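Next come the chains, spelled out residue by residue.
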Amino acid sequence: MQEIIKAIEESARRIKYLIETGDTGKSQSENSTGDTQLKLDIQSDEIIEEIFLKIPSIKAIVSEEQDSIKNINSDGEFLIAYDPLDGSSLVDVNLSVGSIFGIYKNEFNAQNIIASVYVVFGPRVEMVVTTDDVKMYRLLNNEFKFIQNIKLNEKGKLNAPGSTQNCWAPFHKQLIDDIFNDGYRLRYSGGMVPDLHQILLKGGGLFSYPGTSDKPKGKLRQLFEVFPFALAFEKAGGGAIDGFKRVLEVETSHIHDTTPCFFGSNNEIKRVLEVYSKNV
Ligand SMILES: O=P(O)(O)OC[C@H]1O[C@](O)(COP(=O)(O)O)[C@@H](O)[C@@H]1O
Ligand SMILES: [Mg+2]
Ligand SMILES: [Mg+2]
């Protein structure tokens, strides 16, 4: 596992440079989800793949930017699913973006995720590694230094409501309104990595990306985005649900499957469960 963390650190140093110097324009191609890929998406993907190909303990990889699983070492132990540059369309307005990695064993599904890592590229570069606990590191003089463990409070103050509001179910809108009416503050940049990092570091709150009339299964991808953060939120003492159950109990039938998702501290997660259970 340590060599995988080191490999991710190397990718972070190279992607930091790419973000600083690269072309933020569109490429000619689309990924499997139908998003037009930016040149930065493709280049970040190439950086990570090139680094992972050298790691003997990795059995297979799959990227948000690719159509299928790549088998690398038949006697490798770990499977890695990654989103090379989450929120890539925010680079041209100079907001924070990230890379997300889910580390799995045996098969790519929620039951088999054993660790996750995400990197935030903001004013500073930080890396958060979740195994049994959640540890944050910061890039200082080109090396990642341990800074702190991350633990959520039982209840927070931030509300990050995702997706297109005119496609929300009325009960979801009511839930979000009620949370604001209780004094929560809006914090939503449109980058999952910095938005969730903020909730983790500020002690709690709620990030939601529900199923909507145009996207009943939400937008965020299970293997590359939702499961890695679900593990981080659970190990930090909070929760991650699809409205009804833990997202780490959601079934995956295709590598690019999405799921509605809610991440937060326990109080807010309980609140979502109460509202959703009455509105099946
Ligand atoms: O603009 P919306 O619909 O709220 O979606 C925002 C979400 O989409 C994403 O940008 C999707 O990720 P990609 O940039 O990797 O496609 C998340 O980072 C973010 O939480
Ligand atoms: Mg993404
Ligand atoms: Mg992406």
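Residues numbered from 1 in each chain as written. Chains lettered and ligands numbered in written order. Predicted model: local features only at pLDDT ≥ 70, side-chain atom pairs only at ≥ 80, totals over all residues. Heavy atoms only, no water.

- Looking at an unreviewed UniProt entry, one finds the protein named Fructose-1,6-bisphosphatase class 1, with Aliarcobacter cibarius as its source organism.
- One UniProt comment on the protein, placed under Subunit (unreviewed entry), says "Homotetramer." (UniProt positions renumbered as here; feature names shortened; annotations may be inferred.)

## Regarding the coordination of the magnesium ion (ligand 2)
Here's step 1: Taken together, the protein donors to the magnesium ion (ligand 2) comprise D83 (OD), D86 (OD) and E225 (OE), at separations of 1.8 to 2.0 Å.
Here's step 2: Metal-to-metal, the separation of the magnesium ion (ligand 2) and the magnesium ion (ligand 3) is 3.6 Å; D83 coordinates the two.
Here's step 3: By relative accessible area, D83 is classed as buried at 0%.
Here's step 4: Residue class for D86 comes out buried when judged on its relative accessible area of 6%. (Donors = N, O, S within 2.8 Å, 3.2 Å for Na, K, Ca; no water. Buried < 20%, exposed > 50% of the residue type's maximum accessible area, 1.4 Å probe, protein only.)

## Remarks on unusual backbone geometry
Here's step 1: In this structure, N141 takes a positive phi of about 50 degrees despite not being glycine.
Here's step 2: Looking at the secondary structure, you find N141 in the loop between β9 (134-140) and β10 (143-149).
Here's step 3: Even without glycine at this site, S163 takes up a positive phi of about 85 degrees.
Here's step 4: Tracing the chain through its elements places S163 in the loop between β11 (158-161) and α3 (170-181). (Helix = DSSP H or I, 4+ residues; strand = E, 2+ residues; numbered from the N terminus.)

## What about the site of ligand 1?
Here's step 1: In the neighbourhood of ligand 1, 18 residues make up the surrounding shell, with D86, G87, Y188, M192 and Y209 lying closest.
Here's step 2: Separating an oxygen atom of ligand 1 from a side-chain N or O atom of E64 is a distance of 3.1 Å.
Here's step 3: If ligand 1 stood free it would expose 480 Å²; the protein chains cover 82% of that surface.
Here's step 4: Its atoms largely coinciding with the cavity grid, ligand 1 occupies the second largest pocket.
Here's step 5: Contributing elements (two or more residues each) for the shell around ligand 1: β5 (78-86) and β13 (205-209).
Here's step 6: Taken together, the residues of the shell around ligand 1 sort by class into 6 nonpolar, 5 polar and 7 charged.
Here's step 7: If you count residues domain by domain, the shell around ligand 1 takes at least three from each of domain 1 (2-149) and domain 2 (158-277). (Near = heavy atom within 4 Å. Polar contact = N/O pair within 3.5 Å; in protein donor to acceptor, adjacent residues only side chain to side chain. Areas by Shrake-Rupley, 256 points an atom, 1.4 Å probe, with all protein chains shown as cover. 1 Å grid on protein atoms, 1.4 Å probe; cavity = no way out; pocket = protein on both sides within 12 Å on 5 of 7 lines; lining within 4 Å. Sits in = over half its atoms within 2 Å of the grid points. Nonpolar A, V, L, I, M, F, W, Y, C, P; charged D, E, K, R; others polar. Domains from an automatic or database assignment.)

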